[in-house]
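# Working through the structure, step by step
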Amino acid sequence: MMNNNMATMRQCLIVFGILLSCFCSAQSAYEQGKAYYEKQEYQSAIPLLKSSAQNGSSDAYILLGKIYSNWGSGVMDYKIAFEMYSKSAEMGNAEAMRILGDCYTWETGVKVDHKAALKWYISASENGDAQAMYNVAKCYERAKGVPRDYSEALRWYIKSSDSGYSLSKPYVGLYYEKGIGVKQDFVEAIKWYKSAAEDGNEDALCRLGDIYYYGIGVERDYNASMKWLKKAVAGYNSYAPKRIGDCYYYGKGVPQNYSVAFDWYSKAIDVDSWNSEVQCRLGDMYLLGEGVERDYPIAMNKYTEDMPEGNPTAQGRVGWFYYYGLGVEKDYKVAEELFRTAAESGEPFAQFGLGNCYFYGNGVSRDISKAAMWYSASIAGGCDFAEKELAKRGWKGSDVILMMSLDKSDDIMVGDTLVASLKLLKKPEKEISGIKFVKPVVFEGCRFENIFVTDKPEYKSERFGGEMYDATVLSTYLLIPEESGNSISHNYIDLECTFKSQNTNDKVRCSMPPHNYLVVDPEMFFLIRR
């Protein structure tokens, strides 16, 4: 009996030893194959990983899948890669389940199937894969394989974050900041951004920089903004050095210093040479000699060679070279064409240039009405240069629009009286009796909102070369028919005005085309480009 027991025990030990030997052999093969994989010696890795996979290593199947899906491996075959991932997933490997979800999402060895992708992401999530939880959130966010549900997306982002996937944290912050799928809460948003920032997340660091730069939900603090942005500079992104460059360029939280700004912008380009916004700023600095010696050829190169073709900002800048003949032969017509292309895309500096063309009659027939319109659009778009240049001519923002009536032959007549433009008051800091909100006004491709007029007699209409008349705006109406191309000259604003003179005290009504006579102060509206 004892001999039988001893024999049985001996057999068990032999079997255990064989299994242990196989396991150690498989592990040894996997580690060796993994080492070759990490050195990108794929041909040497494949037989070792196959041996390990046949002996039950799900991780080996994953590495084989990655080799077959890598175009640089020399053996790329998406179908084989999908097969390897599938075998690993069948063995319960969560990472393989997530990768299968990616295969169905990006058509890797299998047709796109967002529902199948979501199924695998959820399976991986149930097995503890935090990145898969992030992918489930993306499915709900983008309506891939499931109806869009921002609340559910947020729940999965939080679950992923709590499971250790730091990339989900900035999205939780964004949802709270914007009030997406949850009540807006800036305190909660900043908490999540800071948590991600502590993990070194560059997006969170940059977002915190912007939050303090613009004062979003907190008091504006340029020093705090700089602190977060400088932490982001350590990573590989161009946004942080660009924003720091802005601080020095505009003197936000630090003394204005063009040279230091130039250095930071250059660092941004070292990271991302295709950052068109920064390339344009460097071009501007070479053009104007800000922080660097003026150099027209380098500036032109920044606008033409280092920026994507058709970029409106670049087109507008090149227009100035032809307008003034900076390193090229002066050509107003070419300048006007470049200005127009960029201006119609909403580029403020080009809008100012096109305004100049119309005002001086350079490259086009002189048209003060159109000049005023483009000047207004430029100022509304935030072109500080336009506002400063117009101020040198002694014009305030609203005065620019008052030019609209000066050179027009189709003047509005009330009887024998010429009715000129009516000047609006600036938007008051607090509510004032008599201020009315007017419906959006559309003209020449732009819509202006938040325009204010007053029913108090604080305006005057002029009869050029004749006597003066007082006018009070009683009401405004906007008639907007269906769009017909870019021209809306058939739209009119009705003004009901009371005119007082020595001989009359009549209430009259007139209509005027908004693109000829509309008066707007740039401080009163937001410009929305079509």
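Residues numbered from 1 in each chain as written. Predicted model: local features only at pLDDT ≥ 70, side-chain atom pairs only at ≥ 80, totals over all residues. Heavy atoms only, no water.

For the rest of this paragraph, the subject is the overall build of the chain. Of the regular secondary structure elements, the chain holds 23 helices and 11 strands. Counting over 530 residues, the chain shows a buried share of 46%. Partitioning the contacts of the chain with sequence separation of at least 6, the portion at a separation of at least 24 is 48%. For the chain, the accessible area works out to roughly 27600 Å², and carbon and sulfur atoms hold 50% of it. (Helix = DSSP H or I, 4+ residues; strand = E, 2+ residues; numbered from the N terminus. Buried < 20%, exposed > 50% of the residue type's maximum accessible area, 1.4 Å probe, protein only. Contact = heavy atoms within 4.5 Å. Areas by Shrake-Rupley, 256 points an atom, 1.4 Å probe, with all protein chains shown as cover.)

Taken together, the side chains of Trp71, Met76 and Tyr78 present a nonpolar region at the surface, about 390 Å² in accessible area. Mapped onto the elements, Tyr78 comes out in helix 4 (residues 78-90). We classify Tyr78 as partly exposed; its relative accessible area is 38%. (Patch = residues over 30% accessible without salt bridge, like charges linked within 9 Å, V, L, I, M, F, W, Y side chains within 5 Å. Salt bridge = Lys/Arg side-chain N within 4 Å of Asp/Glu carboxyl O.)

Here Glu107, not a glycine, exhibits a phi torsion of approximately 55°, which is positive. Position of Glu107 among the secondary structure elements: in the loop between helix 5 (94-106) and helix 6 (114-126). For Ala143, which is not glycine, the phi torsion reads 60° and is therefore positive.

For the rest of this paragraph, the subject is the side chain of Ser57. Tracing the sequence through the fold places Ser57 in the loop between helix 2 (42-54) and helix 3 (58-68). Exposure remark for Ser57: the relative accessible area of 10% places this residue in the buried category. In this view, Ser57 contacts Tyr30, Ser52 and Met91; residues no more than four positions away in its chain are not counted.

Under the counting rule described, the total for this entry stands at 29 aromatic pairs. An aromatic cluster of three or more residues is present, and its members are Trp320, Tyr323, Tyr324, Tyr332, Phe339, Phe349, Phe352, Phe359, Tyr360, Tyr375 and Phe385. Directly above the ring of Trp264 sits Lys267, whose terminal nitrogen or CZ lies 4.1 Å from the centroid. Sitting over the ring of Tyr249, Arg281 keeps its end group 4.3 Å from the ring centre. (Phe/Tyr/Trp six-rings, centres within 6.5 Å; stacked < 30°, edge-to-face > 60°. Lys NZ or Arg CZ within 6 Å of the ring centre and 35° of its normal.)

Direction vectors running N to C along helix 9 (residues 169-178) and helix 10 (residues 186-198) enclose 165°, while the axes themselves pass 8 Å from each other. Overall, the two elements helix 9 and helix 10 adopt an arrangement that is roughly antiparallel. In this structure, helix 9 crosses over helix 10, and the sense of that crossing is left-handed. Residues Lys169, Pro170, Val172, Gly173, Leu174, Tyr176 and Glu177 of helix 9 touch helix 10, and the partners they reach there are Phe186, Glu188, Ala189, Trp192, Tyr193, Ser195 and Ala196. Across the contact of helix 9 with helix 10, the residue classes tally to 9 nonpolar, 2 polar and 3 charged. (Axes fitted to C-alpha atoms, helices over the stretch in contact; angles between N-to-C directions. Parallel < 35°, antiparallel > 145°, perpendicular 65-115°, else oblique. Left-handed = near helix turned anticlockwise from the far one by under 90°. Nonpolar A, V, L, I, M, F, W, Y, C, P; charged D, E, K, R; others polar.)

This brings us to helix 19 (residues 348-360). Here helix 19 spans 19 Å end to end across 13 residues, near enough to the 18 Å set by a 1.5 Å rise per residue. Counting buried residues in helix 19 gives 12 out of 13 residues, a clear majority hidden from the surface. Taken residue by residue, helix 19 has Pro348, Phe349, Ala350, Gln351, Phe352, Gly353, Leu354, Gly355, Asn356, Cys357, Tyr358 and Phe359 as its buried positions. The opening residue of helix 19 is Glu347, an N-cap whose side-chain oxygen sits 3.1 Å from the backbone nitrogen of Phe349. Backbone geometry just after helix 19 places Gly361 at a positive phi near 70°. (Expected span 1.5 Å × (residues − 1). Polar contact = N/O pair within 3.5 Å; in protein donor to acceptor, adjacent residues only side chain to side chain.)

What follows is about the packing of helix 11 (residues 202-214) against helix 13 (residues 239-250). Packing of helix 11 against helix 13 leaves a shortest axis separation of 10 Å and a crossing angle of 25°. Here helix 13 runs roughly parallel to helix 11, going by the angle between their axes. Helix-helix and strand crossings are classified by hand; for helix 11 and helix 13 the assignment is left-handed. Residues Cys206, Asp210, Tyr213 and Tyr214 of helix 11 form the contact with helix 13, whose participating residues are Tyr239, Ala240, Arg243, Asp246, Cys247 and Tyr250. The residue makeup of the contact of helix 11 with helix 13, split by class, is 7 nonpolar, no polar and 3 charged.

Oppositely charged side chains can pair when the atoms bearing their charge come close. Applying the stated criterion across every chain, the model contains 19 salt bridges. The residue Lys242 makes a salt bridge to Asp246 at a minimum N-O spacing of 2.7 Å. Here Lys242 and its partner Asp246 are both found in helix 13, 4 residues apart, which amounts to about one turn of the helix. As far as the burial class goes, Lys242 and Asp246 line up, both buried. The residue Asp284 makes a salt bridge to Arg317 at a minimum N-O spacing of 2.7 Å. Placement of Asp284 in helix 15 (residues 276-288) and of Arg317 in helix 17 (residues 312-324) is noted, with a sequence separation of 33 residues between them.

Before going further, it helps to examine the confidence of the model for the chain. Averaged over every residue, the pLDDT of the chain is 75; the share at 70 or more is 68%. Note on residues 13-24: pLDDT under 50 across the span, and 0 contacts to partners over four residues away in sequence or across chains. (pLDDT = per-residue confidence, 0-100.)

Now for the nonpolar core. Residues Leu49 and Tyr303 are the most contacted members of the largest nonpolar core, which totals 91 residues. Those residues in contact with Tyr303 that sit more than four places away from it in its chain are Cys280, Gly283, Asp284, Leu287, Ala314, Arg317, Val318 and Phe321. Counting 24 residues, the second-largest nonpolar core is a separate cluster that includes Phe352, Val364, Tyr375 and Ala386. (Core = buried A, V, L, I, M, F, W, Y, C linked by side-chain atoms within 4.5 Å.)

Inspection of the secondary structure assignment puts Tyr165 in the loop between helix 8 (150-162) and helix 9. Considered as a pair, Tyr165 and Tyr134 are 31 residues apart in the sequence and their alpha carbons are 7.8 Å apart. In this structure, Tyr165 is in contact with Ala130, Gln131, Tyr134 and Ser160, ignoring residues within four places of it in sequence.

Right, let's get into helix 10. Relative to the 18 Å expected for 13 residues at 1.5 Å per residue, helix 10 spans 18 Å between its end C-alpha atoms, a close match to the ideal helical length. Of the positions making up helix 10, those classed as buried are Glu188, Ala189, Ile190, Trp192, Tyr193, Ala196 and Ala197. Buried residues along helix 10 sit in contact with helix 8, helix 9, helix 11 and helix 12 (222-233). Capping the start of helix 10, Asp185 holds a side-chain oxygen 3.1 Å from the backbone nitrogen of Val187, two or three residues further along. Of the residues one or two after helix 10, Gly200 is the one with positive phi, at around 85°.

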